[in-house]
Amino acid sequence: MMIGDPVMTRLVNNPDGFPSQAVTGLVSAFPNHVRPVFGGVVRAARTDRKVALVVGGGSGHYPAFAGWVGPGFADGAVCGNIFSSPSASQTYAVCKAADRGAGVLIGFGNYAGDVLHFGQAAERLRSEGIDARCLLVTDDIASAQSQLKRRGIAGDLPVFKVTAAACEEGRDIDEVVAVFNRVNDRTRSLGVAFAGCTLPGADEPLFRVEPG
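Under an unreviewed UniProt entry, the name given to the chain is DAK1 domain protein, and the organism recorded is Cutibacterium modestum HL044PA1.

Participant: Help me understand the overall build of the chain, please; the structure alone is not making it clear to me.
Facilitator: Within the chain, the secondary structure is distributed over 5 helices and 6 strands. For the chain, the succession of helices and strands along the chain, N to C, is α-β-β-β-β-α-β-α-β-α-α. On C-alpha atoms alone, the chain measures out to a radius of gyration of 17 Å, which is about the 17 Å that the 2.2 N^0.38 rule sets for 212 residues. Dimensions of the chain, computed from C-alpha atoms along their principal axes, come out at roughly 55 × 40 × 25 Å. Burial analysis of the chain (212 residues in total) assigns 45% to the buried set. When contacts within the chain are restricted to residue pairs at least 6 apart in sequence, those whose partners lie at least 24 apart make up 63%. Accessible area of the chain: about 10,900 Å², with a carbon and sulfur share of 55%.

Participant: For this particular structure, what's the right way to read the packing of aromatic side chains?
Facilitator: Summed over the entire model, instances satisfying the criterion amount to 5 aromatic pairs. Here the aromatic rings of F65 and W68 are separated by 5.5 Å at their centres, their planes lie at 80°, and the arrangement is edge-to-face. When the ring of W68 is compared with that of F160, the centres are 6.3 Å apart and the planes differ by 70°; the resulting orientation is edge-to-face. Taken together, the residues W68 in the loop between strand 3 (52–59) and strand 4 (76–82) and F160 in helix 4 (residues 156–168) connect sequence positions 92 residues apart. Assessed through its relative accessible area of 0%, F160 is described here as buried. Grouped by ring-pair contacts, the aromatic residues F65, W68, F73 and F160 constitute a single cluster. Above the ring of Y92, the side-chain terminus of R124 is found at 3.5 Å from the ring centroid. Here the guanidinium or amino end of K161 rests over the ring plane of F73, the centre of that ring lying 5.8 Å away.

Participant: Looking at this structure, how should I read the nonpolar core?
Facilitator: Soluble globular proteins tend to bury their nonpolar side chains together. Ranked by size, the top nonpolar core spans 30 residues in total, and within it V41, L53, V55, W68, L105 and F160 carry the most contacts. Broken down by secondary-structure element, the contributors of at least two residues to this core are helix 1 (18–29), strand 3, strand 4, strand 6 (132–137), helix 4 and helix 5 (173–185). It is helix 5 that contributes the most residues to this core, 6 residues altogether. Apart from residues no more than four positions distant in its own chain, W68 is found in contact with V55, P63, F73, A74, D156, L157 and F160. Of all hydrophobic cores here, the second largest spans 19 residues; its members include V37, V78, Y92 and F118.

Participant: Hey, could you run me through the UniProt feature "domain: DhaK" (unreviewed entry) in the chain in this one?
Facilitator: As recorded in UniProt, the sites labelled "domain: DhaK" (unreviewed entry) are residues 14–212. The span residues 14–212 shows a helical share of 33% and a strand share of 18%, and its end C-alpha atoms are spaced 36 Å apart.

Participant: What should I look at first to understand the side chain of R150 in this one?
Facilitator: Locating R150 in the fold gives a position in the loop between strand 6 and helix 4. Among residues more than four places away in sequence, those in contact with R150 are N110, V137, T138, D140, I141, S143, A144, Q145 and R188.

Reading the values: rules and limits
- Residues numbered from 1 in each chain as written.
- Predicted model: local features only at pLDDT ≥ 70, side-chain atom pairs only at ≥ 80, totals over all residues.
- Heavy atoms only, no water.
- Helix = DSSP H or I, 4+ residues; strand = E, 2+ residues; numbered from the N terminus.
- Rg over C-alpha atoms; globule rule 2.2 N^0.38 Å.
- Buried < 20%, exposed > 50% of the residue type's maximum accessible area, 1.4 Å probe, protein only.
- Contact = heavy atoms within 4.5 Å.
- Areas by Shrake-Rupley, 256 points an atom, 1.4 Å probe, with all protein chains shown as cover.
- Phe/Tyr/Trp six-rings, centres within 6.5 Å; stacked < 30°, edge-to-face > 60°.
- Lys NZ or Arg CZ within 6 Å of the ring centre and 35° of its normal.
- Core = buried A, V, L, I, M, F, W, Y, C linked by side-chain atoms within 4.5 Å.
- UniProt positions renumbered as here; feature names shortened; annotations may be inferred.

Here is the structure:
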């Protein structure tokens, strides 16, 4: 559900602190499932040695991404500002906390800021001996003809869910990456909007579509 959807009403203390307050509220509501770390959240309970899947991106696409952390899904989530990429330091911190000794996969939609910052975090992790790799979802057929240039939007959910299942099965990192590639190559979406969302603190939606 996007921020400002007409069927939802939200109370915001301070629009400038919306992302961090949203994470704080999630952790307070589900302390047995998630715990806070710098940059986002990780699972509250430690898991056995396994490939860790960390997902992330800008805040505002709830329940993605923090709401996807838990058994059978993500090991951690990096939460950026509203509709903007998290920093490399945020990503690094969440990945370090989520690492279970079998490598870390960082999954995200194919956006320039995410590619840059998550890539920097992966390089830093690899320099410390952690096998870290980036997984770019590319399902949005409206954004580009070439799959390599397409954005990742709604396809994030099924692609990450199947990838996470491979992690939970105990497959090694190469096998999990192969599963991701297979699912991502077969996932397509097309988004249509008839109204824009309203960002916290804004008086008007981002856009309007006139009747007809």
